[in-house]
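The chain contents come next:
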2 protein chains.
Amino acid sequence: MRLPLTALLLASLATPALRSDEGMWTFSSIPVAKLMEKYGWAPDQAWLDHVRMSSLRFPGGSGSFVSKDGLVLTNHHVGHNFIQAVSKDADFVKDGFVANTREQEVKVPGLTLMMLQETVNVTEEVEKAVPQGANEKVATEARVAAISRAQKAMSEKTGLQCETVSLFQGGEFWIYCYKTFKDVRLVACPEYQVAAFGKDDDNFTWPRHDLDFSLFRVYEDDKPYNPQHYLTWSKVGTKNGDLTFVTGHPGSTSRLYTVAQMENDRDVIYPPILRNLQTNVERLREVARSGEEGERQVSAQLMGMENSLKALTGYHKGLLDVEQMARVRATEEELIAKVKANPNLNALAGDSWDKIANAMKDYARYTKENQLINLGSSPSLFLAVNYIRSLKEADRPEDDRLQGYKTESELTRISESFENGPTNDPSNDIPTFTNYLNAAQKALGDDHPYLSPILNGNSPEDAAKNALSNTTFNDGNFRKKLIEGGLKAIAATKDPLVALAYKIEPYMTDFRRMGDSFRSVVTDHQARIAKARFEVYGHDVYPDATFTLRLSYGTVETFPMEGTLAQPYTTFYGMYDRAESWGPEARWASWSLPERWDKARNTINLKTPYNFITNNDITGGNSGSPLVDKNAELVGLAFDGNIHSLAGTYYFDPKMNRTIAVDCRSIVEALNTVMGGKHLVEEILGR
Amino acid sequence: MRLPLTALLLASLATPALRSDEGMWTFSSIPVAKLMEKYGWAPDQAWLDHVRMSSLRFPGGSGSFVSKDGLVLTNHHVGHNFIQAVSKDADFVKDGFVANTREQEVKVPGLTLMMLQETVNVTEEVEKAVPQGANEKVATEARVAAISRAQKAMSEKTGLQCETVSLFQGGEFWIYCYKTFKDVRLVACPEYQVAAFGKDDDNFTWPRHDLDFSLFRVYEDDKPYNPQHYLTWSKVGTKNGDLTFVTGHPGSTSRLYTVAQMENDRDVIYPPILRNLQTNVERLREVARSGEEGERQVSAQLMGMENSLKALTGYHKGLLDVEQMARVRATEEELIAKVKANPNLNALAGDSWDKIANAMKDYARYTKENQLINLGSSPSLFLAVNYIRSLKEADRPEDDRLQGYKTESELTRISESFENGPTNDPSNDIPTFTNYLNAAQKALGDDHPYLSPILNGNSPEDAAKNALSNTTFNDGNFRKKLIEGGLKAIAATKDPLVALAYKIEPYMTDFRRMGDSFRSVVTDHQARIAKARFEVYGHDVYPDATFTLRLSYGTVETFPMEGTLAQPYTTFYGMYDRAESWGPEARWASWSLPERWDKARNTINLKTPYNFITNNDITGGNSGSPLVDKNAELVGLAFDGNIHSLAGTYYFDPKMNRTIAVDCRSIVEALNTVMGGKHLVEEILGR
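Described below are features of the structure shown in this document. (Residues numbered from 1 in each chain as written. Chains lettered and ligands numbered in written order. Predicted model: local features only at pLDDT ≥ 70, side-chain atom pairs only at ≥ 80, totals over all residues. Heavy atoms only, no water.)

**Overview of the overall build of chain A**
The helix and strand tally for chain A stands at 25 helices and 20 strands. Each principal axis of the C-alpha distribution contributes one length, and for chain A these read about 70 × 70 × 55 Å. Taking all 687 residues of chain A together, 57% fall into the buried category. For chain A, the proportion of contacts with a sequence separation of at least 24, taken over those separated by at least 6, is 78%. For chain A, the exposed surface amounts to about 28,800 Å²; the carbon and sulfur share of it is 51%. (Helix = DSSP H or I, 4+ residues; strand = E, 2+ residues; numbered from the N terminus. Buried < 20%, exposed > 50% of the residue type's maximum accessible area, 1.4 Å probe, protein only. Contact = heavy atoms within 4.5 Å. Areas by Shrake-Rupley, 256 points an atom, 1.4 Å probe, with all protein chains shown as cover.)

So, in structure tokens, the structure goes:
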């Protein structure tokens, strides 16, 4: 029988079994059978333990131990802020850094690394704590309380830092316990211009030529720490087609979203954000075009904003892809059909998709206003509002607090960031805040309970200036006094920014609470769907990313690009090609090289494999993740995905989604030939 | 007033004035005012004459004089067949070639170059020849006769080779007269592997690294010819943003098609062709995968077919692009509105769009059968059918003959190609012909007047074997005898291929004639629209490409690619990057280098600009066209377009459509450092 093309397509796409090397697997449920079937090899428990305990979590990223003396490898862009923070006598970001001796290694205050030591599945005891017949709110609260108890018990038992992890959108609850390292020192990094060659232009792009690595060292008792496990650095690297594993901490994905949730993102969430970003980018571009001074003023902000625009456009494009979304829809429809065909499952989750779809409709209305009253356009004002909210939430019983304001550590973190103050002077926020107030005014009117205290009869521009130009909020002593004085001091202050924050916080918090009530419907039914999915497909599926340790497998692999096949590797030849081809006049001098790198073309081995691509399934948070081979040897360092990987937030497209990694051989070549780091090469290769 | 986004978009897109560097302009109507406005510079008549008379037409391509001794520059791929034809004692295609002395230059039999010496617009006298009130058929015949007279008169007057050129789809008629050069000798070419680095994988791709040039020399009276005009070779080349001109012979575009015609291409023409190509590609890929012998057998054919698939998919994608097609539609709607608003124009062309749309409907039905009875799947059988048809057409009065069979030279060309015989042995056609007969049988049934003599009760496979395996058609003597014996000998032959051709030719030719009658409606109304367009917009538009000399202007310019900006240039660094990155195991060894090039990395100046991109508007036939700067100096050599340029068949997308050229500096560097061509560098740079 010949099926028409579309029928064939849908038939093959709807298969729930993963056809490709898709998946960010927890270390406790590696798809061994699938690996054996496809590659004739799968890791055993010793391999998994070794790789897990060599892996580290950085703030917002990943890393790994790579020597017996506690040397740690991560991306330059994961270490960037810390490198900048310790650049006191010299500019390590601009000029790079290599410690020639252990004594020269620079202590990084505030940097904590975490190694996943122990995990325990507490789903059963959490579910037992839910009273029979409890409604959604009661059930949620019972779960939260049970989890909190379990976490506390584990912390006491292990003496480790334990965190709750909700997997499969509430289908499973785990406690993850970490050994933490608080004495971390900077050992080496290349120049920013080489680490991020191509700058934000080349972000999410392939081919790439980025030496995006930095080396730190963990100390204990003022001595280099000797980790029980560290990755051996491969001397041979990979070749096209080789099997690779990524171990690291993917941040967040939404692949288990129902189609209704994805459509909400597509139609409700992204469009206004993208419009707003686009407007701001256009405005900043105008300033940049106005002359050298204008460009200097806005270039960093513009670069960041264009990058957000690129990323968000990529997520949105993923949702607009008709062919891929048909695949997502077919998978969902198959699951719904199977659930409805089974009376037990039907009772559990038969109407969950409809319930979520209805909540999304309410949520869409809520979101529209929410987007108009958020404070993304003034980070300073938001910092103040958020701190005030945290003080008020702290006065409530824990169960009644908003998500994110429940635990001591959450509240402490908010207080600390208030104490540290805003990154930029509040007056810098005036243009974006004005722009945003204009939009809010048009949509909500002057009398809206949120807008009215802000505008107070003034134009948006004047209102923004009133709040943000004459404030002493940037003064650390002022903020310290507010912290000491508590809510009373805040209520009494005449500082325009803080006073305004105090006025608008109640409405914002009430509004947020309303949103949470929609969310609890979604949370409950997501969990029901997750349970039904387990019943239908078994545990042979992976949970969405939660910034916890995962393993992904794949191969070095090309993809179709601009009419040809993308090259699987680049070399240093490619870096010089790019530098010569663009010339220094490119915007932001994106493809310029520091002088010693410009000269190094005569000494460096130009053939050295530099960056490469694999079809490993990763996402933001995996930055700094090691790529290892079957022998658990370190062959690469993940630092980005191609532009098509952005759709990976919602689904994995095996044809186009690629991980981009620094080749282990290029780091050795760079340390040896250009950076003056031979002693470090000896350390990592000497073994 | 704030317009919604879509309205704004359409408003700005509908402007008939060309916003970009679009256009393949005839030398008699360069948009001087537009150039002055945008670049503050435009060519004068002397510049235009100099560039025109330095330009040459190759069979299927373009070229230019580049020295006072008649040295001619074109692409390697334009010269390829001639290089192959003269490779007798050595393999110039594989190993490259440089003549060390004039004596070593190799005469290329059958290669004629043409230089456009004189043009004359005969539209007025042609239109005068059409009797008042004549119907479409009579009008067309009257025009054809008048053009034929004008062409003959010009040939006699000038002694040059004169051709008729119909511009603006019959809106203008011209006679173009060429000086021809018949003694052309091969002077130099690099290895095919370097000229076409990346092979068909990289075709229509950017970035590129192709040394796609060859040098020939024109002789007269056995001495190097001294052309009146030749291009000076630039020593400095271009930089990003520089103004560039392309002079050459774009082959064919369909930009003046009505939307109905484009939709016919999109919905009727391409889908079956693409399906068929896809099927054949899959089949050949299977053979290639079957083993080394299989791969050897089909790799050349597969490469060509994948390339066609890439190109046709690109054309089709252009038509499927909703945003761009909305622009095309808006432009058409604006013209229709203006025509209908003017009583004279309305009488001339008011219903022409509808007439064409209706003809397209008839034509769609016709096309479906036509695609089933064409002989693309057996070039040998087609050669025979076409020759038989030409003999029969020759017996008719010239006015009654099919297009393409009217003039003596057309008929002679068909006879010559029959005499030369098929490129491949007819038995090679069996698999594709079988495949095609299967499809035709399913669609038309065994009793169809075309299929029935072919199948004659057999299965498609046996029928294909019967016709193509026991034929002596590949024997030159046999074909010669058939030519000598004329139709009688053909009617009498027992050769299965020729006998079959004789049987099926009548139906095929009748069917073709039917198609021509639809076409005459289209032709007439296209001409009416063209005239109306002149009235509305003046002559500030350019005609579709007709493989006649055109000038295009533009600048060296990047485009958005895979999340970043495409580099405007490549260098030799990039070629070695690609070679090292892919390794020799890539399919077809696409990115492998010949040994002397592999070694040359230590001597060649790796920084040398190699290929570059511009937004000049070109298409197939422009291969080998020189790029010149304001000083009319040669700065590059066009050899391809990026994947987005394929949509250029239907419209020019200024954001994405790019010309790809070899940089003049890389040819000098290659001749000097690798190819042993210092004496040629002296000739072109010595001046």
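Having seen the structure, we can now continue with the description.
**Notes on the packing of helix H15 (residues 379-394) of chain A against helix H16 (residues 408-420) of chain A**
Residues and elements named next belong to chain A. For the pair H15 and H16, interaxial distance at closest approach is 9 Å and the crossing angle is 145°. Here H15 and H16 pass one another in a crossing that is left-handed. Taking contact as the criterion, the partners of Leu 383, Ala 384, Asn 386, Tyr 387, Ser 390 and Ala 394 in H15 are, on H16, Leu 411, Ile 414, Ser 415, Ser 417 and Phe 418. (Axes fitted to C-alpha atoms, helices over the stretch in contact; angles between N-to-C directions. Left-handed = near helix turned anticlockwise from the far one by under 90°.)

**Some words on the packing of aromatic side chains**
All names here are of chain B. With the rule as written, the count across this model stands at 49 aromatic pairs over all chains. Judged by centre distance (5.4 Å) and plane angle (65°), the rings of Trp 25 and Tyr 542 are edge-to-face. Of the two residues, Trp 25 sits in the loop between helix H1 (5-13) and helix H2 (32-39) while Tyr 542 sits in the loop between helix H21 (496-537) and strand S13 (550-555), which places them 517 residues apart along the sequence. In this structure, Trp 25 and Tyr 542 share a single accessibility class: buried. (Phe/Tyr/Trp six-rings, centres within 6.5 Å; stacked < 30°, edge-to-face > 60°.)

**Let's talk about the sheet that holds strand S16 (residues 569-571) of chain A**
Residues and elements named next belong to chain A. Strand order in the open sheet formed by 7 strands is S13-S12-S18-S19-S20-S17-S16, and the pairing between neighbours is antiparallel. This sheet does not close on itself; its edge strands, each paired only once, are strand S13 (550-555) and S16. Each strand of the sheet is rotated relative to its neighbour by a mean of 30°, with strand direction disregarded. As defined by bridge partners, strand S18 (residues 626-628) adjoins strand S19 (residues 634-641) across 3 bridges and the pair is classed as antiparallel. Bridge pairing in S19 places Leu 627 opposite Gly 636. The sheet contacts of helix H22 (residues 572-582) involve S16 and strand S17 (609-614), and relative to S16 the element is tilted by about 70°. In the packing of helix H24 (residues 664-673) onto the sheet, contacts are made with S16, S17, S19 and strand S20 (659-663), and the angle to S20 comes to roughly 35°. (Pairing = 2+ DSSP bridges.)

**Some remarks on helix H21 (residues 496-537) of chain A**
Residues and elements named next belong to chain A. End to end, H21 covers 57 Å across 42 residues, agreeing with the expected 62 Å (1.5 Å per residue, within 8%). At Ile 504, H21 is deflected by roughly 40°, the largest bend along its length, and proline Pro 506 occurs up to four residues later in sequence. Once H21 finishes, Gly 538 follows within two positions and takes phi at roughly 70°, a positive value. (Expected span 1.5 Å × (residues − 1). Bend = angle between axes of the 7 residues up to and from the residue.)

**Remarks on the pairing of strand S1 (residues 55-58) of chain B**
All names here are of chain B. Judged by which residues are buried, S1 turns out to be covered on both faces: Ser 55 and Arg 57 on one side and Leu 56 and Phe 58 on the other are all buried. Bridge analysis of S1 against strand S2 (residues 61-65) gives 4 bridges, and the strand direction is antiparallel. In the sheet register, Arg 57 faces S2, and the bridge partner there is Ser 62. Between the end of S1 and the start of S2, which pair antiparallel, lie 2 residues, with Gly 60 showing a positive phi angle near 75°.

**What to know about the interface of chain B and chain A**
The interface is formed by 38 residues belonging to chain B together with 38 residues belonging to chain A. Summing the contributions of chain B and of chain A, the shared interface buries around 3,000 Å²; its carbon and sulfur component is 54%. Our count for the chain B to chain A interface comes out at 0 salt bridges. Taken together, the connections running from chain B to chain A amount to 24 residue pairs in polar contact (both at pLDDT 80 or more). Every element with two or more residues in the side of chain B that touches chain A is listed here: helix H9 (199-202), strand S15 (564-565), strand S16 (569-571) and helix H22 (572-582) of chain B. No other element matches H22 of chain B, which puts 8 residues into the side of chain B that touches chain A. In the side of chain B that touches chain A, the residues fall into 14 nonpolar, 12 polar and 12 charged. (Buried area = accessible area lost by both parts, 1.4 Å probe. Salt bridge = Lys/Arg side-chain N within 4 Å of Asp/Glu carboxyl O. Polar contact = N/O pair within 3.5 Å; in protein donor to acceptor, adjacent residues only side chain to side chain. Nonpolar A, V, L, I, M, F, W, Y, C, P; charged D, E, K, R; others polar.)

**Describing the relation of the copies chain B and chain A**
With an RMSD of 0.1 Å, the fit of chain B onto chain A corresponds to turning through 180° and sliding 0.0 Å along the axis. In short, the pair behaves as if placed about a two-fold rotation axis. Most of the interface of chain B is mirrored in chain A: 100% of its interface residues are interface residues there too. (Least-squares fit on C-alpha atoms with pLDDT ≥ 70 in both.)

**Some words on the sheet that holds strand S19 (residues 634-641) of chain B**
Residue and element names in this part refer to chain B. Read from one edge of the open sheet, 7 strands run S13-S12-S18-S19-S20-S17-S16, paired in antiparallel fashion. Taken across any chain shown, the strands that pair with only one partner, and hence form the sheet edges, are S13 and S16. Adjacent strand axes in the sheet meet at a mean angle of 30°, parallel and antiparallel pairs treated alike. Summarising the sheet, strand S17 (residues 609-614) and strand S20 (residues 659-663) pair through 4 bridges and their orientation is antiparallel. Its bridge partner being in S20, Thr 614 is matched across the sheet by Thr 659. Most of the contacts of helix H3 (residues 45-54) go to S13, to which it runs at about 110°, and overall it touches strand S12 (243-248), S13 and strand S18 (626-628). Against the sheet, helix H24 (residues 664-673) makes contact with S16, S17, S19 and S20, and its axis sits at roughly 35° relative to S20, the strand it touches most.

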